[in-house]
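Secondary and tertiary structure notes
What follows is the residue order along each chain.
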Amino acid sequence: MGQRMSAGPALVVPQFVAGAKKNLIGGEWADAASGRRIEVLNPATGDSLCSIAQGDAEDVDRAVAVARRAFEGEWRRWTPRWRLVSVSPRDQRQPQP
């Protein structure tokens with residue numbers, strides 16, 4: 001009979017993965033309108049990694065409305081370079097030549 005193989009070293013879940021996650025809508029982190037969540041499992045172990053907001057049609061409608069307002073405003077006139085600058089972390093906001 002063969003030996004049982006080890007699953008290997010324990011995987012460390014990076015801190016940014018662990019915990020409860022929300023939807024990003026209009027620059028704000030928001031729970032799903034329904035309040036429902038989905039448990040995300042590590043496929044190798046079946047252990048829980050985190051839970052995420054389970055968005056539905058109401059959340060999609062809210063996100064689309066915010067995106068439409070942004071696109072119909074100044075965002076449309078910005079170059080791709082300045083769009084990138086506007087969403088980059090503060091320490092990376094100076095556009096590169």
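Note that the structure is a prediction, hence the values are computed from the model and not measured. (Residues numbered from 1 in each chain as written. Predicted model: local features only at pLDDT ≥ 70, side-chain atom pairs only at ≥ 80, totals over all residues. Heavy atoms only, no water.)

Next up on the list: the overall build of the chain. Counting secondary structure elements, the chain contains two helices and five strands. Secondary structure elements of the chain occur, N-terminal to C-terminal, as β-β-β-β-β-α-α. For the chain, the proportion of its 97 residues judged to be buried stands at 12%. A separation threshold of at least 6 residues defines the contact pool for the chain, and within that pool the share at least 24 residues apart is 36%. (Helix = DSSP H or I, 4+ residues; strand = E, 2+ residues; numbered from the N terminus. Buried < 20%, exposed > 50% of the residue type's maximum accessible area, 1.4 Å probe, protein only. Contact = heavy atoms within 4.5 Å.)

Reading across from one edge, S1-S5-S4 is the order of the three strands in this open sheet, with mixed pairing throughout. Across the chains shown, the open sheet's two edge strands, defined by having one partner strand only, are strand S1 (19–21) and strand S4 (37–41). Within this sheet the neighbouring strands show an average axis-to-axis angle of 25°, counted without direction. As paired strands, S4 and strand S5 (residues 48–53) are joined by five bridges and run antiparallel to one another. Looking across to S5, one finds that Val 40 is bridged to Cys 50. (Pairing = 2+ DSSP bridges. Axes fitted to C-alpha atoms, helices over the stretch in contact; angles between N-to-C directions.)

Throughout the structure, instances matching the rule amount to three salt bridges. Of the charged contacts, one joins Arg 62 and Asp 59 as a salt bridge, the two residues approaching to 2.9 Å between their closest N and O atoms. Taken together, the residues span about one helical turn, with Arg 62 and Asp 59 both in helix H1 (residues 57–72) at a distance of three residues. (Salt bridge = Lys/Arg side-chain N within 4 Å of Asp/Glu carboxyl O.)

Residue classification places Asp 59 among the buried positions, given a relative accessible area of 4%. At 2.9 Å, the side chain of Asp 59 forms a polar contact with the side chain of Arg 62. (Polar contact = N/O pair within 3.5 Å; in protein donor to acceptor, adjacent residues only side chain to side chain.)

Let us look at the packing of aromatic side chains. Evaluated as defined, the whole model comprises one aromatic pair. For the pair Trp 75 and Trp 78, a centre-to-centre distance of 5.5 Å together with 45° between the ring planes defines the contact as tilted. A residue is classified by how much of its surface remains accessible, and Trp 78, at 32% relative accessible area, is partly exposed. (Phe/Tyr/Trp six-rings, centres within 6.5 Å; stacked < 30°, edge-to-face > 60°.)

This prediction gives the chain a mean pLDDT of 81; 77% of its residues lie at or above 70. Below a pLDDT of 50 lies the segment residues 1–6, which in the model reaches zero contacts outside its immediate sequence neighbourhood of four places, other chains included. (pLDDT = per-residue confidence, 0-100.)

Right, let's get into the side chain of Asn 42. Structurally, Asn 42 is set in the loop between S4 and S5. Within polar-contact distance, the side chain of Asn 42 engages the backbone nitrogen of Ala 44 at 2.8 Å.

What follows is about the pairing of S5. Summarising the sheet, S1 and S5 pair through three bridges and their orientation is parallel. Each residue of the ladder has a partner; that of Ala 20, found in S5, is Ser 51.

Glancing now at the environment of Asn 23. The topology assignment puts Asn 23 in strand S2 (residues 23–25). Put simply, Asn 23 and Gln 54 are 31 residues apart on the chain and 8.4 Å apart in space, counted from C-alpha to C-alpha. Residue contacts for Asn 23: discarding those within four places in its chain leaves Glu 28, Trp 29, Ala 30, Ala 32, Ala 53, Gly 55 and Asp 59.

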